[in-house]
Amino acid sequence: MDAVSTGTASASVADTSATATDAMPLAQRAAQLDRANPLAHTRDRFLIPEGTVYLDGNSLGALPAAVPRALDDAVRRQWGTNLISSWFGEGGWWEAPLRIGDRIGALLGAAPGQVVAGDSTSVQLFNTVMAAARLRPGRRVLLTDPGHFPTDAYLTDSAAGLLGLDVRKVPAPQAPAALAEYGDQVGVVSYPIVDYRTGELWDLPGLTRAAHAAGAVTLWDLCHGAGAMPIGLDASEVDFAVGCTYKYLSGGPGSPAYTYVAARHHGAVRHPMTGWHGHADPFAMQDSYTPAEGIARARIGCPPVLSLLALEAALTAFDGVGLADLRAASLSLTGFFIECCDALLAGHGFEVDTPREPARRGSQVAVHHPEAPALTARLAERAVVCDKREPDILRFGFNALYNTHADALAAARTLRDLVAG
Ligand SMILES: *Cc1c(COP(=O)(O)O)cnc(C)c1O
């Protein structure tokens, strides 16, 4: 049985019946779609090796062209020449977590003053899930995703252990029903916006509403959504969110994560990590902790300044980019890639795991095949970079700022050549 034969476009049928010229219509379509792409100009904002088809931006975004010179300035001038004076005044290192937090916030649909950058996603997850649970004392259940990313699962279990909470793992589509049933016991509802394996987009507004109807607060992990689509944190009245910046935001390896706390919680929220940068008067060097006003209380300690400044430069790749255009371009890329898979890979043991319905898709396409790990390695030898999730998933991440429909077609054709050759 052809696992990917559910495509219905008649062009797909014609493509599979031809041989040498089978990809011609797709090649023409790719060129046409790339010409019509309103974001075609942003590819020049990245330094991508010539000839490489880079479809792993959902793990490590490509290098934005603005980063090397910004890092050089940060190291040689700000650090080398201006030394410690860069913390304040023109250097602005002290304010960087808040300033960059606001820039990230704009991409998340968050008004200024609700996002702070710094530390790792894992640290932010722990600090945030604890803070969220403490806002609902007396509610003993923490509702989360059985398929959540491992670090989220481990840290949630750890926080629940410390607080004596009961973790219940319910898939996102069933979570509203669980909330309707025993929501009065649920304090925190913690989910990823996109499933990291299949690329399925969960219903953030709907699940947030269901959580609020039950009296719970929400914590969303945005790692696989931020920088790929509008998220509308404020519009959906999300309570807390965290995410990394090295995937679709292209901040670089180990770039700082961020945390969002809705302004309405700023007065009451108490994070467990009471580091001195979150103190109301950090330079008074007081004996005990008083949280700062606003989102600054979510700061912890000294941020990784060089990484923050690299991230700030990386985010200029989004300058002037409308999130609706970004989402449309992303869906066009993933939709076209699925079409290429249908046309070129049918009969070779592949199955597309990502929903075909655009509204249920993030910005990656997961394809499963029993030999996924070996195929990922062989694709890399041919300069098509994707990644695998054991045991049998190939993940193709599309960043609409730099990927093209030609990339999508090249990846599917290379894969076809490997299995058919
Ligand atoms: C990438 C990712 C992380 C990464 O956490 P780190 O602390 O940056 O290693 C966490 N959660 C999800 C859902 C992710 O996709």
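All of these numbers come straight from a predicted model, not from anything done at the bench.

### Observations concerning the confidence of the model for the protein chain
The predicted coordinates of low-pLDDT regions are not to be read in fine detail.
And then number 1: Per-residue pLDDT for the protein chain has a mean of 94; in total, 94% of the residues score no lower than 70.
And then number 2: Overall, residues 1-23 carries pLDDT values under 50, and its contacts beyond four positions in sequence, including any with other chains, amount to 28 contacts.

### Here's the deal with the nonpolar core
And then number 1: By size, the foremost hydrophobic cluster in this structure holds 89 residues, and its most contacted members are Ile104, Leu222, Phe337 and Phe396.
And then number 2: Per element, the largest residue contribution to this core is 12 residues, and it comes from helix α10 (residues 323-345).
And then number 3: With sequence-adjacent residues up to four places away left out, Leu222 is seen in contact with Leu108, Ile193, Leu204, Ile231, Leu233, Ala241, Val242, Gly243 and Tyr258.
And then number 4: Core analysis: the next-biggest nonpolar cluster, separate from the first, contains 24 residues, Ala160, Leu165, Val188 and Val269 among them.

### Focus: helix α4 (residues 96-108)
And then number 1: Taking 1.5 Å of rise per residue, the 13 residues of α4 would be expected to cover 18 Å, and the 18 Å separating its terminal C-alpha atoms lies within 8% of that figure.
And then number 2: Of the positions making up α4, those classed as buried are Ala96, Pro97, Leu98, Ile100, Gly101, Ile104, Gly105, Leu107 and Leu108.
And then number 3: Buried residues belonging to α4 abut β4 (115-117), β10 (258-261), α9 (305-314) and α10.
And then number 4: Immediately downstream of α4, the backbone of Gly109 shows phi near 75 degrees, a positive value.

### Let's talk about the packing of helix α5 (residues 121-134) against helix α6 (residues 150-163)
And then number 1: Two elements in contact, α5 and α6, have axes whose closest approach is 9 Å; the angle formed by their N-to-C orientations is 40 degrees. In terms of orientation, α5 and α6 fall into the oblique class. In this structure, α5 crosses over α6, and the sense of that crossing is right-handed. In contact with Ser122, Leu125, Phe126, Val129, Met130 and Ala133 of α5, α6 contributes Thr151, Asp152, Leu155, Ser158, Ala159, Leu162 and Leu163.

### Describing unusual backbone geometry
And then number 1: Geometrically, the link from Glu390 to Pro391 is a cis peptide bond, its omega value of 0 degrees lying close to zero.
And then number 2: Tracing the backbone shows Pro391 in the loop between β14 (387-389) and β15 (393-397).
And then number 3: Backbone geometry at Leu83 places phi at a positive 50 degrees, although glycine is not the residue there.
And then number 4: Mapped onto the elements of the fold, Leu83 is located in the loop between α3 (67-81) and α4.
And then number 5: Residues other than glycine seldom take positive phi values, yet Ser250 does so here, at roughly 55 degrees.
And then number 6: Turning to its location among the elements, Ser250 is positioned in the loop between β9 (240-243) and β10.
And then number 7: Using a relative accessible area of 2% as the deciding quantity, one classes Ser250 as buried.

### Considerations on the sheet that holds strand β12 (residues 364-368)
And then number 1: Spatial strand order, β11-β12-β15-β14: 4 strands in an open sheet with antiparallel pairing. Sheet topology places β11 (351-352) and β14 at the edges, where each strand pairs with a single neighbour.
And then number 2: Here β11 runs beside β12; their pairing, made up of 2 bridges, is antiparallel. What sits directly across from Glu351, in β12, is His368.

### Side note on the packing of aromatic side chains
And then number 1: Evaluated as defined, the whole model comprises 12 aromatic pairs.
And then number 2: Where Phe149 meets Tyr196, the ring centres are 5.1 Å apart and the plane angle is 70 degrees; that geometry is what we call edge-to-face. Of the two residues, Phe149 is situated in the loop between β5 (141-144) and α6 and Tyr196 in the loop between β7 (186-192) and α8 (204-213); the sequence distance between them amounts to 47 residues.
And then number 3: Among the residues examined, Phe149 registers a relative accessible area of 31% and is labelled partly exposed.
And then number 4: Its relative accessible area of 8% is what places Tyr196 among the buried residues.
And then number 5: Taking 4.7 Å as the distance between ring centres and 50 degrees as the angle between the ring planes, the aromatic pair formed by Phe337 and Phe396 counts as tilted. Taken together, the residues span a long stretch of sequence, with Phe337 in helix α10 and Phe396 in strand β15 at a distance of 59 residues.

### Comments concerning the site of the ligand
And then number 1: Lining the immediate surroundings of the ligand are Ser120, Thr121, Ser122, Phe149, Thr151, Asp152, Asp221, Cys223, His224, Tyr246 and Lys247.
And then number 2: Contact distances for the ligand include 2.6 Å between an oxygen atom and a side-chain N or O atom of Ser122.
And then number 3: Contacts to the ligand include Lys247, whose side-chain N or O atom sits 2.5 Å from an oxygen atom.
And then number 4: Its free accessible area being 390 Å², the ligand has 85% of it covered by the protein chains.
And then number 5: Counting only elements with at least two residues in the shell around the ligand, the list comes to α5 and α6.
And then number 6: The class makeup of the residues in the shell around the ligand is 3 nonpolar, 5 polar and 3 charged.

Rules and cut-offs
- Residues numbered from 1 in each chain as written.
- Predicted model: local features only at pLDDT ≥ 70, side-chain atom pairs only at ≥ 80, totals over all residues.
- Heavy atoms only, no water.
- pLDDT = per-residue confidence, 0-100.
- Contact = heavy atoms within 4.5 Å.
- Core = buried A, V, L, I, M, F, W, Y, C linked by side-chain atoms within 4.5 Å.
- Buried < 20%, exposed > 50% of the residue type's maximum accessible area, 1.4 Å probe, protein only.
- Helix = DSSP H or I, 4+ residues; strand = E, 2+ residues; numbered from the N terminus.
- Expected span 1.5 Å × (residues − 1).
- Axes fitted to C-alpha atoms, helices over the stretch in contact; angles between N-to-C directions.
- Parallel < 35°, antiparallel > 145°, perpendicular 65-115°, else oblique.
- Left-handed = near helix turned anticlockwise from the far one by under 90°.
- Pairing = 2+ DSSP bridges.
- Phe/Tyr/Trp six-rings, centres within 6.5 Å; stacked < 30°, edge-to-face > 60°.
- Near = heavy atom within 4 Å.
- Polar contact = N/O pair within 3.5 Å; in protein donor to acceptor, adjacent residues only side chain to side chain.
- Areas by Shrake-Rupley, 256 points an atom, 1.4 Å probe, with all protein chains shown as cover.
- Nonpolar A, V, L, I, M, F, W, Y, C, P; charged D, E, K, R; others polar.

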